[in-house]
Amino acid sequence: MHDPNLNVANVLTELLGIVNMVRENKGQLLLGELTPEMKLREDLGFDSMDLAELTVRIDERFKVDVFEAGLVDSVDEVLNRIGGGKASKNN
Amino acid sequence: MTRHILITGVSRGLGLALAQKLLDAGDTVSGLSRHLSADYETLQKKHGKRARFKAFDLKQASHIKSEVFDDFLPFDLPLHGFVNNAAVAYDDLVTNLDLDRFRAMNEVNVLAPITLTQHAIRHMLFNRVAGSIVHISSVCAHTGYKGLAMYAATKGALEAFSKNTAREWGERGIRSNCVVAGFMETDMSASLSDEQGKRIHSRTALKKATEIESVAAAVVYFLKDGSSSITGQNLFVDSGTI
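The notes below deal with the structure included here. (Residues numbered from 1 in each chain as written. Chains lettered and ligands numbered in written order. Predicted model: local features only at pLDDT ≥ 70, side-chain atom pairs only at ≥ 80, totals over all residues. Heavy atoms only, no water.)

### Observations regarding the packing of helix H2 (residues 48–62) of chain A against helix H4 (residues 99–127) of chain B
Heads up, the condition is: Helix axes are fitted to C-alpha atoms over the stretch in contact, other axes to C-alpha atoms as well, and angles between N-to-C directions run from 0 to 180 degrees. Helix and strand definitions here come from DSSP, where helices need a minimum of 4 consecutive H or I residues and strands a minimum of 2 consecutive E residues; each element is numbered from the N-terminal end. Any angle from 65 to 115 degrees is called roughly perpendicular, while one under 35 is roughly parallel, one over 145 is roughly antiparallel, and all others are oblique. Working rule for contacts: check all heavy atoms of both residues, and any pair within 4.5 Å makes them a contact. Amino acids outside the nonpolar list (Ala, Val, Leu, Ile, Met, Phe, Trp, Tyr, Cys, Pro) and the charged list (Asp, Glu, Lys, Arg) are all regarded as polar, and Gly is one of them.
Where H2(A) meets H4(B), the closest approach of the two axes is 9 Å, and the angle between their N-to-C directions is 90 degrees. Judged by the inter-axis angle, H2(A) sits roughly perpendicular to H4(B). On H4(B), the residues that touch Ala52(A), Glu53(A), Thr55(A), Val56(A), Arg57(A), Asp59(A) and Glu60(A) of H2(A) are Arg122(B), Leu125(B) and Phe126(B). Per-class residue counts for the contact of H2(A) with H4(B) are four nonpolar, one polar and five charged.

Structure below.
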């Protein structure tokens, strides 16, 4: 991540907030922590519609469409897409 | 409650009439057209900031995200509806098909509306808006007219897209419907001869052209909460084509 403000810990904190927004809307319990190895479907309980909402919220915040280059499965892959995305390239 | 509605083809004809209706009702309109028309400018003078406008050519479907959404429709301006009104008509016999012209028509009539829908739904998801999408289709997708097979194919594609969008996004409260318009007296049908016009009108129960106001009123109905249980439907506003 080239943007000095976009270190992994900061992005994970922001992602946790986004993930919890989606979970809250579905009436699911809020997560206290997000770790890179977590799977979006199995561990976060997201279906395809939730992943669409997640994509929009990440796009709004980081200017990266995480699913544009194919499916992502884990938090780690989301981090990679954000890190290699347009926002950090432009910085 | 006032709403914010995105309308394509807002400079004249049905798009203009619809913008006027919504603006008069207190809604905010974000209008797209290739050029700002004097008529839409008049609406801007009357309604000020609620009559938004962006010059955009739907032939540039790949620029929709950056130019229409990122620049003109930021996420902090919630979107309650999208009316896919703009279209171009290329008419000829099937045997005379010009592939380049057909491709260009598909870009404006199918690819751009589908891409606009993609981003309109994303916008609605972000703001958790149970929005309404309305596509303007044409009766020629249901009743054959000589010379309109290619144009009708683009409208048939939209109707299928609308029904599937309704199914896909209904669980988030997002609705999608089509208003299937008959032949209106707009610039789009201006190329029809009087004879063709008479033949078309003679096939309707009311024996006359479809009124723009009637089509616009049907679109407004789909945009409002009064139609909140209606999705995936086609409403024919066509003088009763039989």
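### Quick notes on the side chain of His201(B)
By secondary structure assignment, the location of His201(B) is in helix H6 (residues 194–202). Setting aside chain neighbours within four positions, we find His201(B) in contact with Phe183(B), Glu185(B), Lys207(B), Lys208(B) and Ala209(B).

### A word on the environment of Val72(A)
Residues and elements named next belong to chain A. Note on placement: Val-72 falls in the loop between H2 and helix H3 (75–83). Sequence separation between Val-72 and Met-38 is 34 residues; the distance between their C-alpha atoms is 12 Å. Here Val-72 is in contact with Leu-40, Val-66, Phe-67, Glu-77, Val-78 and Arg-81, once residues within four sequence places are set aside.

### Here we look at the pairing of strand S1 (residues 4–8) of chain B
All names here are of chain B. The condition that has to hold: Residue burial is assigned from relative accessible area. The probe radius is 1.4 Å, only protein chains are included, and a residue is buried under 20% of its type maximum, exposed over 50%, and partly exposed in between. Pairs of strands are assigned from DSSP output, requiring at least two bridges between the strands.
Among the five residues in S1, five count as buried, and that is most of the element. Burial along S1 is two-sided: the residues His-4, Leu-6 and Thr-8 and Ile-5 and Ile-7 are all buried. As defined by bridge partners, S1 adjoins strand S2 (residues 28–33) across five bridges and the pair is classed as parallel. Within S2, the residue paired with Ile-7 across the bridge is Gly-31.

### Here's the deal with the interface of chain A and chain B
Heads up, the condition is: Take the accessible area each of two parts loses on contact, using a 1.4 Å probe, and add the two losses: that sum is the buried area. A pairing counts as a salt bridge when a side-chain nitrogen of Lys or Arg comes within 4 Å of a carboxyl oxygen of Asp or Glu. Polar contacts, as used here, are pairs of N or O atoms within 3.5 Å; protein pairs need one atom able to donate a hydrogen and one able to accept it. Residues neighboring in sequence count only if both atoms are side-chain atoms.
Listed per partner, the contact involves 14 residues of chain A and ten residues of chain B. Roughly 1,200 Å² is buried in total at the junction of chain A and chain B, and carbon and sulfur atoms are behind 53% of that figure. Counting the surface chain A buries against chain B, the share from its top three residues, Met49(A), Val56(A) and Arg57(A), is 47%. Linking chain A with chain B are six salt bridges. A salt bridge links Arg172(B) to Asp50(A); its shortest N-O distance comes to 2.9 Å. Connecting chain A to chain B are eight residue pairs in polar contact (both at pLDDT 80 or more). Of all elements in the fold, only helix H1 (8–25) and H2 of chain A reach the threshold of two or more residues within the side of chain A that touches chain B. In terms of residues, the side of chain A that touches chain B owes the most to one element, H2(A), which gives nine residues.

### Considerations on unusual backbone geometry
Residue and element names in this part refer to chain B. One non-glycine residue with positive phi stands out, namely Arg-128, at about 50 degrees. Among the secondary structure elements, Arg-128 is positioned in the loop between H4 and strand S5 (132–138). Arg-128 sits in the partly exposed class, given a relative accessible area of 38%. The phi dihedral of Ser-239 is positive, around 60 degrees, even though this residue is not glycine. Here Ser-239 lies in the segment after strand S7 (234–237). Residue classification places Ser-239 among the buried residues on the basis of a relative accessible area of 10%.

### Remarks on the nonpolar core
What tends to happen in soluble globular proteins is that the nonpolar side chains get buried as a cluster. Residues and elements named next belong to chain B. So the rule is basically this: Only buried Ala, Val, Leu, Ile, Met, Phe, Trp, Tyr and Cys residues count toward a nonpolar core, and they belong to the same one when joined by side-chain atoms within 4.5 Å.
Residues Ile-7, Leu-18, Leu-22, Tyr-40, Val-83, Val-179 and Val-219 are the most contacted members of the largest nonpolar core, which totals 28 residues. Elements with a minimum of two residues in this core: S1, helix H1 (13–24), helix H2 (38–47), strand S3 (51–55), S5, strand S6 (175–181) and helix H7 (212–223). Per element, the largest residue contribution to this core is seven residues, and it comes from H7. Residues in contact with Tyr-40, not counting those within four places in the same chain, are Val-10, Leu-16, Ala-19, Val-29, Gly-31, Ala-51, Arg-52 and Phe-53. Core analysis: the next-biggest nonpolar cluster, separate from the first, contains 27 residues, Phe-56, Leu-73, Leu-116 and Ile-121 among them.

### Describing the environment of Tyr40(B)
All names here are of chain B. Structurally, the position occupied by Tyr-40 is in helix H2. With relative accessibility at 0%, the residue Tyr-40 sits in the buried group. C-alpha of Tyr-40 to C-alpha of Arg-52: the two residues are twelve residues apart in sequence and 9.6 Å apart in space.

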